[in-house]
Amino acid sequence: MTTTPPAAAPVPAPIYVTQPFLPDLAEFQPYLEQIWSNKILTNGGPFHQQLEKALCEHLGVEHIALFTNGTLALVTALQALRITGEVITTPYSFVATAHSLLWNGIKPVFVDIDPQTLNLDPRRIEAAITPQTTAILPVHCYGHPCDVDAIQKMADNYNLKVIYDAAHAFGVQTTPGTSVLRFGDLSVLSFHATKVFNTFEGGAIVCPDAKTKQRIDHLKNFGFVDEVTVVAPGINGKMSELNASFGLLQLKHIDAAMARRATIAARYRAALAEVPGIRCVGDAGEAVANHSYFPILIEPDFPLSRDALYQRLREHNIFPRRYFYPLISDFPMYRGLPSAAPGNLPVASEIARKVLCLPIYPALSDADQDRVVAQIRACAGM
Ligand code: T4K
């Protein structure tokens, strides 16, 4: 006699940490038709110009130079201000932050983070300044603003430049109407597929004056000023028309996308509030948040370690990420630096051991979010 095996439970669809916002394909068609008709594909074409203007208006900033990605924008920002020697930065970020320094032959000096905001702790900057220090490269981690006033005060006292890695900070306002991108000498955005505002790949430098914008525009175009004049050893960092036109389309949907993110963040906070050992990272007091990530900290009173929870969720087809573990300072090209010693970075080391970024993106359904929460609660025996 043969027996029919019981039907296997259907495997739920995977839920990733993020998913790019994509409008209806039909909405992109007219942009493509325009590119096909005018045959300008890159080198500062009409969509490139339109997107720079539209972003200045949307973000409330004076000047923007678009780039192929955030990393090249960071590398170029350092070039634009002729930064050399040593730069103070955070170990708690994506590795591109520090890589941009090495690409410029600059020595990163890691300073610990604030336990609440997880951003560079301004109280610890002064002790790391040496005669070689020329700049500070802080990160608005997860889109939560740094203590911009304290950092600027320190920079003014020691005559240092400040370049913000604002890769996560699209649309964030410190006070109503004041973009976080208005602080420091330059701010650098990423428009990568995983970001709140994406152009597939892309990035930008925000700068306060037309002269600096002109230098950046030269640097991203090989240093060309005109057909026969090259004023600097520039790079090719230009955003293409395909990416720029997609950015213009994204911009039409950004308010709805940000609103949906806010709703998802509020649902997580409510649903996880009573789970012992789970701490949701709060914002940094910003007037407008962008909810680009939803980081939680797994504290010792949670029954599972952070990595055990991470694995458990993966077994249920849920893919959170441990941004930012390992610390940048733990990667081989950095760990020999004196400032990379874990003893110098106790807060960042602890947070990197505890953090887990939960899925958050506009198309995340309530049902899928409930699946994530239910698994975490189940691990807590709830
Ligand atoms: N500074 C900071 C502070 C940054 O966070 C970043 C980038 C930069 C500078 C440099 O900017 P860019 O040069 O990248 O413009 C991702 C991104 O590649 C990176 O842009 C981002 N930070 C970093 C935090 O995250 P991965 O290796 O974690 O991405 P990946 O491919 O594992 O994607 C994560 C999930 O997103 C996938 O599991 C599925 C989903 N996904 C991803 C892509 C690329 C999609 O659904 N569609 C996609 O096209 O680095």
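Residues numbered from 1 in each chain as written. Predicted model: local features only at pLDDT ≥ 70, side-chain atom pairs only at ≥ 80, totals over all residues. Heavy atoms only, no water.

Draft legend 1. Examining a nonpolar patch on the surface more closely. A cluster of nonpolar residues, F222, F224 and V230, forms a patch on the protein surface that exposes about 250 Å² of accessible area. Its place among the elements puts V230 in strand β12 (residues 229-230). When its relative accessible area of 48% is taken as the criterion, V230 is described as partly exposed. (Patch = residues over 30% accessible without salt bridge, like charges linked within 9 Å, V, L, I, M, F, W, Y side chains within 5 Å. Areas by Shrake-Rupley, 256 points an atom, 1.4 Å probe, with all protein chains shown as cover. Salt bridge = Lys/Arg side-chain N within 4 Å of Asp/Glu carboxyl O. Helix = DSSP H or I, 4+ residues; strand = E, 2+ residues; numbered from the N terminus. Buried < 20%, exposed > 50% of the residue type's maximum accessible area, 1.4 Å probe, protein only.)

Draft legend 2. The site of the ligand, seen in detail. In the vicinity of the ligand there are 25 residues, among which T71, D165, S190, R321 and Y323 approach most closely. In this structure, D165 approaches the ligand through a side-chain N or O atom, which is 2.7 Å from a nitrogen atom. Residue H168 places a side-chain N or O atom 2.7 Å away from an oxygen atom belonging to the ligand. Across the shell around the ligand, the residue classes break down as ten nonpolar, twelve polar and three charged. (Near = heavy atom within 4 Å. Polar contact = N/O pair within 3.5 Å; in protein donor to acceptor, adjacent residues only side chain to side chain. Nonpolar A, V, L, I, M, F, W, Y, C, P; charged D, E, K, R; others polar.)

Draft legend 3. Examining the side chain of H218 more closely. Mapped onto the fold, H218 is located in helix α6 (residues 210-219). Taking relative accessible area as the criterion, H218 reaches 18% and is therefore assigned buried. Beyond its immediate stretch of four places on either side in the chain, H218 contacts G223, F224, V225 and V231. (Contact = heavy atoms within 4.5 Å.)

Draft legend 4. Structural view of the sheet that holds strand β14 (residues 294-298). Taken in spatial order, the three strands make up an open sheet running β13-β14-β16, and their pairing is antiparallel. Of all the strands in the sheet, just β13 (278-280) and β16 (355-358) have a single pairing partner and so form its edges. Within the sheet, the average angular offset between the axes of one strand and its neighbour, ignoring direction, is 35 degrees. Sitting on the sheet, helix α7 (residues 241-272) is in contact with β13, β14 and β16, with an inclination near 20 degrees to β14. (Pairing = 2+ DSSP bridges. Axes fitted to C-alpha atoms, helices over the stretch in contact; angles between N-to-C directions.)

Draft legend 5. Local environment of the environment of Y293. Residue position: Y293 is located in the loop between β13 and β14. Taking relative accessible area as the criterion, Y293 reaches 13% and is therefore assigned buried. C-alpha of Y293 to C-alpha of Y323: the two residues are 30 residues apart in sequence and 9.3 Å apart in space. Excluding residues within four positions of it along the chain, Y293 makes contact with Y142, H168, K195, Y323, C357 and I360.

Draft legend 6. Seen up close, the packing of α7 against helix α10 (residues 366-379). At a minimum axis separation of 11 Å, α7 and α10 run at an interaxial angle of 25 degrees. Of the possible angle classes, the one that applies to α7 and α10 is roughly parallel. The two elements α7 and α10 cross, and the hand of that crossing is right-handed. Of α10, the residues touching α7 (which contributes R260, I264, R267, Y268, A271 and L272) are D366, Q369, D370, V372, V373, I376 and R377. Residue composition of the contact of α7 with α10, grouped by class: seven nonpolar, one polar and five charged. (Parallel < 35°, antiparallel > 145°, perpendicular 65-115°, else oblique. Left-handed = near helix turned anticlockwise from the far one by under 90°.)

Draft legend 7. Region of interest: the layout of surface pockets. Space inside the largest pocket adds up to approximately 460 Å³. Taken together, 28 residues make up the lining of the largest pocket; nearest its centre are F94, S190, H192, T194 and K195. Of all the secondary-structure elements, those providing two or more residues to the lining of the largest pocket are α3 (70-80), α4 (96-102) and β9 (186-190). Residues of the lining of the largest pocket, tallied by class, amount to 13 nonpolar, twelve polar and three charged. (1 Å grid on protein atoms, 1.4 Å probe; cavity = no way out; pocket = protein on both sides within 12 Å on 5 of 7 lines; lining within 4 Å. Points joined across faces, edges and corners; volume = space filled by probe spheres on them.)

Draft legend 8. Representation of the sheet that holds strand β4 (residues 107-110) in the model. Read from one edge to the other, the open sheet built from seven strands follows the order β2-β10-β9-β6-β5-β3-β4, with strand pairing classed as mixed. Across the chains shown, the open sheet's two edge strands, defined by having one partner strand only, are β2 (63-67) and β4. For this sheet, the mean inter-axis angle between neighbouring strands, taken without regard to orientation, is 25 degrees. Where β2 and strand β10 (residues 203-207) come together, five bridges link them in antiparallel fashion.

Draft legend 9. Structural detail: the pairing of strand β6 (residues 161-165). Burial analysis of β6 places four of its five residues in the buried class, which makes it a mostly covered element. Alignment of strand β5 (residues 133-137) against β6, held across two bridges, turns out to be parallel. When the bridges of β6 are listed, A135 appears paired with K161. Bridge analysis of β6 against β9 gives three bridges, and the strand direction is parallel.

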